[in-house]
Amino acid sequence: MHSVEDLNDSREATDVADKTAQTIFIEADPDTVMNVIADIAAYPDWVSEYTEAQVLETDDAGYPKVARLVLDATVLKDTMVLDYTWSADKRTVRWSLVSSSLLKALDGEYRLSAKGSGTEVVYELAVDLMIPMIGLLKRKAERRLTDTALKDLKKRAEAE
C-alpha cells in the first residue's frame, strides 16, 4: 500500500529530478582521488557496473569533456553520453546527460575536500527515467548506484 506522499513523489519525480547524496572518506589525497575519477576510460577496470567507457572529447587541460559509457547495473542497463565540467581547482566535477535510450536526465557531481590524512568525497546523483517510476524505487536505484560507485572509488583510490 502506498501513501499519498509516495504517490506525490512519483508524480513529482517526472517533473523534477530529486538528488541522492552520499559521502565517503577515502584514505588518499584529493589529487589522487580526482585522478581516479578523471580516468573515465579506465572505469570498466574498477567500476563493476560499467562495461565500456570511451572519452569522446577532452578540454584544454586534457580532462574528459564528453564521454560514452555503457552501464550494466542490476537497476539500469543503458548506453549514455555525458558532458563533464571540472572546477578550476579540480576538487569538483559535474556531469549531465547528452544522450541515452532510457534516461531523460542524469546529473551528477563529485565534491572532494581534504580531511585529515585523506579525502571526504560527496557524490550527488539525480536520475530521471523516460518511463514513470515510483519516487521511492527511483531513490532506491540512485542510492544503490551512488553507494556502489563510492565503494569502488574508495577501493581504487586507496590502491593507487
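Right above here is the structure, for reference.
Below is a short write-up of the structure. Since the model is a prediction, treat every value here as computed from it, not as a measurement.

**Structural notes on the pattern of salt bridges**
Okay, so step 1: Within the structure shown, the criterion is met by 11 salt bridges.
Okay, so step 2: Lysine 65 serves as the salt-bridge partner of aspartate 83, at 3.7 Å between the closest nitrogen and oxygen. Placement of the pair is aspartate 83 in strand 4 (residues 77-86) and lysine 65 in strand 3 (residues 64-72), with a sequence separation of 18 residues.
Okay, so step 3: On the basis of relative accessibility, which here comes to 22%, the residue aspartate 83 falls in the partly exposed class.
Okay, so step 4: Overall, the relative accessible area of 31% leaves lysine 65 in the partly exposed class.
Okay, so step 5: The salt bridge partner of glutamate 109 is arginine 111, with a shortest N-O separation of 2.3 Å.

**Some details on the nonpolar core**
Among soluble globular proteins, nonpolar side chains are generally buried collectively.
Okay, so step 1: Grouped together as the largest cluster of nonpolar side chains are 42 residues, with contacts concentrated most on Ile37 and Tyr110.
Okay, so step 2: If we ignore the near neighbours within four places in the chain, the residues touching tyrosine 110 are Ile37, Arg91, Thr92, Val93, Trp95, Val121, Val122, Tyr123, Ala149, Leu150 and Leu153.

**Structural notes on the pairing of strand 4**
Okay, so step 1: Examined bridge by bridge, strand 3 and strand 4 share 7 bridges and lie antiparallel to one another. Bridge pairing in strand 4 places leucine 69 opposite methionine 80.
Okay, so step 2: In textbook terms, the turn of a hairpin is the stretch between consecutive antiparallel strands, and for strand 3 and strand 4 this stretch comprises 4 residues.
Okay, so step 3: Counted between consecutive antiparallel strands, the loop separating strand 4 from strand 5 (residues 92-100) contains 5 residues, among which lysine 90 sits at a positive phi close to 60 degrees.

**Some details on helix 2 (residues 30-38)**
Okay, so step 1: Pro30, Val33, Met34, Val36, Ile37 and Ala38 are the residues of helix 2 that are buried.
Okay, so step 2: The N-cap of helix 2, judged by a side-chain oxygen 3.0 Å from the amide nitrogen of aspartate 31 a few residues on, is aspartate 29.

**A look at the packing of helix 2 against helix 4 (residues 135-159)**
Okay, so step 1: Relative to each other, helix 2 and helix 4 sit at 120 degrees, their axes nearing to 9 Å. The orientation of helix 2 relative to helix 4 falls into the category oblique. Crossing of helix 2 against helix 4: the hand is right-handed. Between helix 2 and helix 4, the residues in contact are Thr32, Val33, Val36 and Ile37 and Leu153, Arg156 and Ala157, respectively.
Okay, so step 2: Considered class by class, the residues forming the contact of helix 2 with helix 4 number 5 nonpolar, 1 polar and 1 charged.

Reading the values: rules and limits
- Residues numbered from 1 in each chain as written.
- Predicted model: local features only at pLDDT ≥ 70, side-chain atom pairs only at ≥ 80, totals over all residues.
- Heavy atoms only, no water.
- Salt bridge = Lys/Arg side-chain N within 4 Å of Asp/Glu carboxyl O.
- Helix = DSSP H or I, 4+ residues; strand = E, 2+ residues; numbered from the N terminus.
- Buried < 20%, exposed > 50% of the residue type's maximum accessible area, 1.4 Å probe, protein only.
- Core = buried A, V, L, I, M, F, W, Y, C linked by side-chain atoms within 4.5 Å.
- Contact = heavy atoms within 4.5 Å.
- Pairing = 2+ DSSP bridges.
- Polar contact = N/O pair within 3.5 Å; in protein donor to acceptor, adjacent residues only side chain to side chain.
- Axes fitted to C-alpha atoms, helices over the stretch in contact; angles between N-to-C directions.
- Parallel < 35°, antiparallel > 145°, perpendicular 65-115°, else oblique.
- Left-handed = near helix turned anticlockwise from the far one by under 90°.
- Nonpolar A, V, L, I, M, F, W, Y, C, P; charged D, E, K, R; others polar.

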